[in-house]
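Inside the fold
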Amino acid sequence: MEIRRSSEEVEDNHVMQITGSNVIVHNMEFMSQAYLRNQYSSEIDIHEEAVSSYPHEDAPLPIFLKFEDVEYKVRNIHASSANLVKKMVSKVVTHTNPDPDGYKHILKGITGSTGPGEILALMGPSGSGKTTLLKIMGGRLTDNVKGKLTYNDIPYSPAVKRRIGFVTQDDVLLPQLTVEETLAFAAFLRLPSSMSKEQKYAKVEMIIKELGLERCRHTRVGGGFVKGISGGERKRTSIAYEILVDPSLLLLDEPTSGLDSTSATKLLHILQGVAKAGRTVITTIHQPSSRMFHMFDKLLLISEGHPAFYGKARESMEYFSSLRILPEIAMNPAEFLLDLATGQVSDISLPDELSAYKTAQPDSEEVLAKYLQLKYKTELEPKEKEENHGNKKAPEHLQIAIQVKKDWTLSWWDQFLIIFRRTFRERRRDYFDKLRLVQSLGVAVVLGLLWWKSKTDTEAHLRDQVGLMFYICIFWTSSSLFGAVYVFPFEKIYLVKERKADMYRLSVYYVCSTLCDMVAHVLYPTFFMTIVYFMAEFKRTIPCFLFTLLTILLIAITSQGAGEFLGASVLSIKRAGMIASLVLMLFLLTGGYYVQHIPIFMQWLKYLSFMHYGFRLLLKVQYSGDQLFDCESKGGCRALQSSSSFDTVNLNGGLQELWFLLAMAFGYRLCTYFCLRKKISICHL
């Protein structure tokens, strides 16, 4: 869809002109009136083609976004604190005075609109509220938001969520997957089930070619400590990830950050093509080049949460010229606007009523900001509300269509198969890590040599063998617990992003995650026990070996569930590690080896310890209460049950610990799911 402007080409010569304060000062009142008369009367409706082309099987649903008097505030933590020192420090440090109720205003009455075929740029200095406004538009911030925000004149609802693509400033992509795998899995999950596998692959191929990702398609995305593609390629992959499913509204947070000018311009050309296909594109931008600046259709300039300008990007210089605010040297329009937003008036000509404040540095920034806000409120905002927020409504069929919630494109089982494959490919390098294998086998060999052909003929030998069993419990409890506790804190940002986009059911993700991780928690203990069991010469019967192995696997799987629960309950790497260490220490002390006779008021701890049940089950599997030992002592042979090592364990008491472990393994996972559901719903990127 072509965006046509008849009068804008003439304005370009004025944008980069070297303008002195004495050259274009005359007839400013006339220019201001003429600007306001022509700004909206000459505007061409660029949305007709998008509306008329819908419904079309390949066309995204057109979205007309309107936001009016949007305000947002956050609670000031220090202001609500009882510590007087913190309150005083907060007042000195903060730039925005909080309200008496302890809140700090971030956005203060933002108004504007945009539609399909347009690129709206949100520009302003760091901390002005650009990203906050973008998150509100994407439905990712809903608390403490005031004002009116509509999509085709319909307020935000869950039905809108799946029509929005959100590209964050930090590219949130799984680092171990290649570019092609990342897009392919996204296509299988998010594209409709009516499309065949070949059609989904074809769309991935088309997106890869359109965004110039052919060279890096088989390269890992990388990120953090994983080597991968370049920053520009990662940014294009993030955009491809979102436009793959034809979002009606595409939001991008600082898409050009970290890119050189050429790469940034290429990226803007791509976004122009995305917009011309009938989508609404909104992006935050910090300081674009002059070429990029003229590629934006609309511009919203934000200064400390207040709007300073809204309108066509190409007409921004004309507007400020009508206010007698002019650059005195050749200047990038974006640089000029940022200087105004921050109150930096060097090399800028001001009107007579403001020129007196130009030398008064402490007051000039605040005075200029208030002047721009006043002009916006009196000249731009009333016209915008009258033209786009009054009686002008989106077509009725678009209002109805935006309220229709898209069903899941795949069934639970189909999502499970795709997510399981993706999770396994992402984590397989951790599962089959050589160092992890060497650790398991190495510890097994060392233990086998230390307890080489251990016996139970004396009390001392029996205690040694019981000590080996408890150490095995400790080793696999700690390995499985710490192997699982960091999974969800590490993957939180990926999970939050994909859940906000409704890519899959949370239950599918969790089941796939825990089943994939079980590969390692089953494989390595099996190798370990096969070596230790025969080197230490435990009871050599097939049933006893299988039950011992089953017990160790059950301990590992229960520990995995406990680790997942602890990680999901805090979703913080630092806190999860600290809590896991504390829980492991408590379970270790109450496991039944170091302290067998626990005081009554502390006995409740051992019933929470899966190590307690696992250790008792190991002893019952390996030993029989009627078995004789210590026959060479003066008192003659004794039954194993009489040994002090089994004072609190009835070796012939059945295997009820097995059911306790199974119940705990299932219970931990159930709690993990509900913790994840609650935590992820309140998390924001």
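Position numbers for residues count from 1 along each chain, tracking the sequence in the order it is written. Given that the model is predicted, a residue must reach a pLDDT of at least 70 before its local features are reported, and side-chain atom pairs must reach 80 or more before they are shown or counted; all residues, however, enter totals for whole chains, interfaces and linings. Note that water and hydrogens are dropped before the side-chain values are worked out from all heavy atoms of the structure.

So, about the side chain of E254. Where helices and strands are cited, they refer to DSSP runs of H or I of at least four residues and of E of at least two residues respectively, numbered from the N terminus. Tracing the chain through its elements places E254 in the loop between strand 7 (249-252) and helix 10 (261-276). Definition of a polar contact: a pair of N or O atoms within 3.5 Å, with one able to donate and the other able to accept a hydrogen when the atoms are protein atoms, and with sequence-neighbouring residues admitted only if both atoms are side-chain atoms. Side-chain polar atoms of E254 contact the backbone nitrogen of H286, separated by 3.4 Å.

This part covers the sheet that holds strand 9 (residues 298-303). Taking strand neighbours across the sheet as the criterion, the 6 strands line up as 6-7-8-3-9-10 in an open arrangement whose pairing is mixed. Looking along the sheet, the strands with just one partner apiece sit at the ends: strand 6 (164-167) and strand 10 (306-312). The mean angle between the axes of side-by-side strands here comes to 15 degrees, regardless of whether they run parallel or antiparallel. Bridge analysis of strand 6 against strand 7 gives 4 bridges, and the strand direction is parallel. Its bridge partner lying in strand 7, F166 is registered against L251. Whether two residues are in contact is decided by their heavy atoms: any pair within 4.5 Å suffices. Orientation is described by lines fitted to C-alpha atoms, with helices fitted over the stretch in contact, and by angles between N-to-C directions that extend from 0 to 180 degrees. Here helix 9 (residues 231-243) sits on the sheet in contact with strand 6 and strand 7, set at roughly 170 degrees to strand 6. Note on pairing: DSSP must find at least two bridges between two strands before they are called paired.

Attention now moves to the pairing of strand 4 (residues 145-151). In this structure, strand 1 (residues 65-75) lies alongside strand 4, joined through 6 bridges in antiparallel fashion. Bridge pairing in strand 4 places F67 opposite L149. Pairing between strand 4 and strand 5 (residues 154-155): 2 bridges, direction antiparallel. Within the sheet, the bridge partner assigned to T150 lies in strand 5 and is P155. Following strand 4, the chain reverses through 2 residues before pairing antiparallel with strand 5; N152 in that reversal takes a positive phi of roughly 55 degrees.

Expected helix span is computed as 1.5 Å times (number of residues minus one). Its 16 residues give helix 10 an end-to-end C-alpha distance of 23 Å, which sits within 8% of 22 Å, the value for a rise of 1.5 Å per residue. Considered for burial, the residues of helix 10 that qualify are A264, T265, L267, L268, I270, L271, V274 and A275. Looking at the packing, one finds that the buried side of helix 10 touches strand 3 (119-123), helix 9, strand 7, strand 8 (280-285) and helix 11 (290-293). The N-capping residue of helix 10, defined by a side-chain oxygen 3.1 Å from the backbone nitrogen of T262, is D260. Downstream of helix 10 by a residue or two, G278 has a phi angle that is positive, lying close to 105 degrees. Type-normalised accessible area, obtained with a 1.4 Å probe on protein chains alone, sets the label of each residue: buried when under 20%, exposed when over 50%, and partly exposed for intermediate values.

Let us look at a nonpolar patch on the surface. Residues form patches when they are more than 30% accessible in relative terms and have no salt bridge. Like charges link within 9 Å. Nonpolar side chains (Val, Leu, Ile, Met, Phe, Trp, Tyr) link within 5 Å. The protein chains shown are the only cover counted for residues, whose accessible areas, like all others here, come from Shrake-Rupley with a 1.4 Å probe. Any carboxyl oxygen of Asp or Glu within 4 Å of a side-chain nitrogen of Lys or Arg constitutes a salt bridge here. Taken together, the side chains of L582, M585, L586, L589, Y594 and V595 present a nonpolar region at the surface, about 540 Å² in accessible area. Mapped onto the secondary structure, L586 falls in helix 23 (residues 573-589).

On to the sheet that holds strand 2 (residues 103-114). One open sheet holds the 4 strands; their spatial order is 2-1-4-5, and the pairing between them is antiparallel. In this open sheet, the two strands that pair with only one neighbour each are strand 2 and strand 5. Here strand 1 pairs with strand 2 via 9 bridges, running antiparallel. Bridge assignment links Y72 to a residue of strand 2, and that residue is L107.

What follows is about the UniProt feature "transmembrane region" (unreviewed entry) in the protein. In the numbering used here, UniProt assigns the feature "transmembrane region" (unreviewed entry) to residues 435-452, 468-488, 508-534, 540-557, 578-595 and 658-676. The span residues 435-452 is 89% helix and 0% strand, and its two end C-alpha atoms sit 25 Å from each other. In residues 508-534, helix accounts for 100% and strand for 0%; the two terminal C-alpha atoms are 40 Å from one another. UniProt positions are given in the numbering used here, feature names are shortened, and annotations may be inferred rather than shown by experiment.

With that settled, the discussion passes to the packing of aromatic side chains. Each Phe, Tyr or Trp ring, with Trp reduced to its six-membered ring, pairs with another whose centre is within 6.5 Å; inter-plane angles below 30 degrees give stacked pairs, above 60 give edge-to-face pairs, and intermediate values give tilted ones. Counted according to the given criterion, the structure contains 33 aromatic pairs. Between F188 and Y201, the aromatic rings sit 5.3 Å apart at their centres with planes inclined by 90 degrees, giving edge-to-face as the arrangement. Of this pair, F188 sits in helix 7 (residues 179-190) while Y201 is found in helix 8 (residues 197-210), placing the two residues 13 residues apart along the sequence. Owing to a relative accessible area of 9%, F188 belongs among the buried residues under this scheme.

Once that is clear, we can look at the pattern of salt bridges. If you walk through the whole model with that rule in mind, you get 21 salt bridges. Between E381 and K385 there is a salt bridge, with its nearest N and O atoms 3.4 Å apart. You can see E381 and its partner K385 sitting in helix 15 (residues 361-388), 4 residues apart, about one turn around the helix. Assessed through its relative accessible area of 8%, E381 is described here as buried. It is possible to trace a salt-bridge network through shared partners that takes in D69, K377, E381 and K385.

For the purposes of this section, nonpolar cores are sets of buried Ala, Val, Leu, Ile, Met, Phe, Trp, Tyr and Cys residues that join through side-chain atoms within 4.5 Å. In terms of nonpolar packing, the biggest core is built from 128 residues, with F320 and I325 touching the most fellow members. When residues are assigned to domains, this core turns out to be shared by domain 1 (65-79 + 97-403) and domain 2 (433-489 + 536-682), each giving three or more. Ignoring anything within four residues of it in the chain, the contact list for F320 reads L301, A308, F309, I325, F336, L337, L340 and L372. L468, L553, A562 and L617 belong to the second-largest nonpolar core, a separate cluster that totals 56 residues. Residue ranges labeled as domains rest on an automatic or database domain assignment.

Moving on, we get to the confidence of the model for the protein. Known as pLDDT, the predictor's confidence for each residue is given on a scale from 0 to 100. Of all residues in the protein, 85% attain a pLDDT of 70 or more, and the chain-wide mean is 82. Counting interchain partners and residues more than four positions distant, the pLDDT-below-50 stretch residues 1-46 has 77 contacts. Below pLDDT 50 for its whole length, residues 92-96 participates in 4 contacts with residues either more than four positions away or in separate chains.

Here we come to helix 7. For helix 7, built from 12 residues, the straight-helix expectation of 16 Å at 1.5 Å per residue is met to within 8% by its first-to-last C-alpha distance of 17 Å. For helix 7, a buried count of 12 out of 12 residues is recorded, marking the element as mostly surrounded by other parts of the structure. Looking only at helix 7, the buried set comprises V179, E180, E181, T182, L183, A184, F185, A186, A187, F188, L189 and R190. Check the buried side of helix 7 and you find it contacts helix 8, helix 9 and helix 17 (412-431).

Note on placement: R163 falls in the loop between helix 6 (158-161) and strand 6. Exposure remark for R163: the relative accessible area of 11% places this residue in the buried category.

This part is about the environment of R75. Considering the arrangement of structural elements, one finds R75 in strand 1. Judged by relative accessible area, which is 47%, R75 ranks as partly exposed. Sequence separation of R75 and N144 is 69 residues, and the distance between their C-alpha atoms is 9.1 Å. In terms of polar contacts, R75 uses its side chain to reach the side chain of Y103, at 2.9 Å.

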